[in-house]
Amino acid sequence: MIASGFGITIIILYLKKMIYDIITAAQSLLNALLEDDIIDKGYILSISIYIENGLAYNKTLFGKYKRVYFYQGEPDYHSIVSLKVERLPNIRDKRGQTLIMVSTLDNLRDYIQEIVRGHLYQDITLLELEY
């Protein structure tokens, strides 16, 4: 997009509408995904999205299933991996495999690999996707 002068105002309005449409579509897709994820009155999938800044609160709920949160700041990968592998949320008396999917730059991918190595005894699968 190219704009100058008062044209910037029109571009900003257009961008706001485009962002709103994307968020609405993302919320609809996430809700459908989470709706399909319910097993034995429990669930498997939870989603945490970290944003560097710009949120009104440090933790913001997204969607109707209360399993997608936006967090402000840098993620603490050690805590996240440890928390996720310690339990399978809301499913009683069942222990499943934990899948950690990574699609990131090499240095962060290597860091996640190092963290996961410390939990190999807990039935974790690390899946590295192309970045």
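Note: the structure precedes this text.
How each quantity is defined
Residues numbered from 1 in each chain as written. Predicted model: local features only at pLDDT ≥ 70, side-chain atom pairs only at ≥ 80, totals over all residues. Heavy atoms only, no water. Helix = DSSP H or I, 4+ residues; strand = E, 2+ residues; numbered from the N terminus. Areas by Shrake-Rupley, 256 points an atom, 1.4 Å probe, with all protein chains shown as cover. Phe/Tyr/Trp six-rings, centres within 6.5 Å; stacked < 30°, edge-to-face > 60°. Buried < 20%, exposed > 50% of the residue type's maximum accessible area, 1.4 Å probe, protein only. Lys NZ or Arg CZ within 6 Å of the ring centre and 35° of its normal. Salt bridge = Lys/Arg side-chain N within 4 Å of Asp/Glu carboxyl O. Pairing = 2+ DSSP bridges. Axes fitted to C-alpha atoms, helices over the stretch in contact; angles between N-to-C directions.

A. Highlighting the overall build of the chain. Tallying secondary structure elements over the chain gives three helices and seven strands in all. If you list the helices and strands of the chain from N to C, you get α-β-β-β-β-β-α-β-α-β. Working note: accessible area of the chain is about 10,000 Å², and carbon and sulfur atoms make up 58% of it.

B. Quick look at the packing of aromatic side chains. Counted by the stated rule, this structure contains three aromatic pairs. With centroids separated by 5.1 Å and ring planes inclined at 20°, the aromatic side chains of Tyr50 and Tyr71 adopt a geometry described as stacked. On the criterion of sequence distance, the pair formed by Tyr50 in strand S3 (residues 47-51) and Tyr71 in strand S5 (residues 68-72) is long-range, its members being 21 residues apart. Take Tyr50: its relative accessible area is 30%, and that puts it in the partly exposed class. With centroids separated by 6.3 Å and ring planes inclined at 80°, the aromatic side chains of Tyr77 and Tyr111 adopt a geometry described as edge-to-face. In this pair, Tyr77 is assigned in helix H2 (residues 77-86) and Tyr111 in helix H3 (residues 106-117), connecting sequence segments 34 residues apart. Taken together, the aromatic side chains of Tyr50, Tyr69 and Tyr71 make up a single cluster linked through ring pairs. Here Lys59 stacks its cationic end above the ring of Tyr69, 4.5 Å away from the centre of that ring.

C. Fine view of the pattern of salt bridges. Considering all chains together, one arrives at four salt bridges under this definition. Here Arg109 ties to Glu128 by a salt bridge, and the two come within 3.5 Å at their closest N and O atoms. Taken together, the positions of Arg109 in helix H3 and Glu128 in strand S7 (residues 124-128) put the pair 19 residues apart, joining distant regions of the chain. For Arg109, a relative accessible area of 22% translates into the label partly exposed. A relative accessible area of 38% means that Glu128 is categorised as partly exposed. Among the ionic contacts, a cluster of salt bridges with common partners joins Asp106, Arg109, Asp110 and Glu128.

D. Representation of the sheet that holds strand S4 (residues 59-62) in the model. Pairing within the open sheet is mixed, and its three strands lie in the order S3-S5-S4. The sheet terminates laterally at S3 and S4, the two strands that pair on one side only. Going across the sheet, the axis of each strand differs from the next one's by a mean of 25°, ignoring polarity. Both S3 and S5 contribute to a ladder of five bridges, which runs parallel.

E. Looking closely at the environment of Thr24. Note on placement: Thr24 falls in helix H1 (residues 7-36). Given the relative accessible area of 37%, Thr24 is considered partly exposed. C-alpha of Thr24 to C-alpha of Gly63: the two residues are 39 residues apart in sequence and 9.7 Å apart in space.

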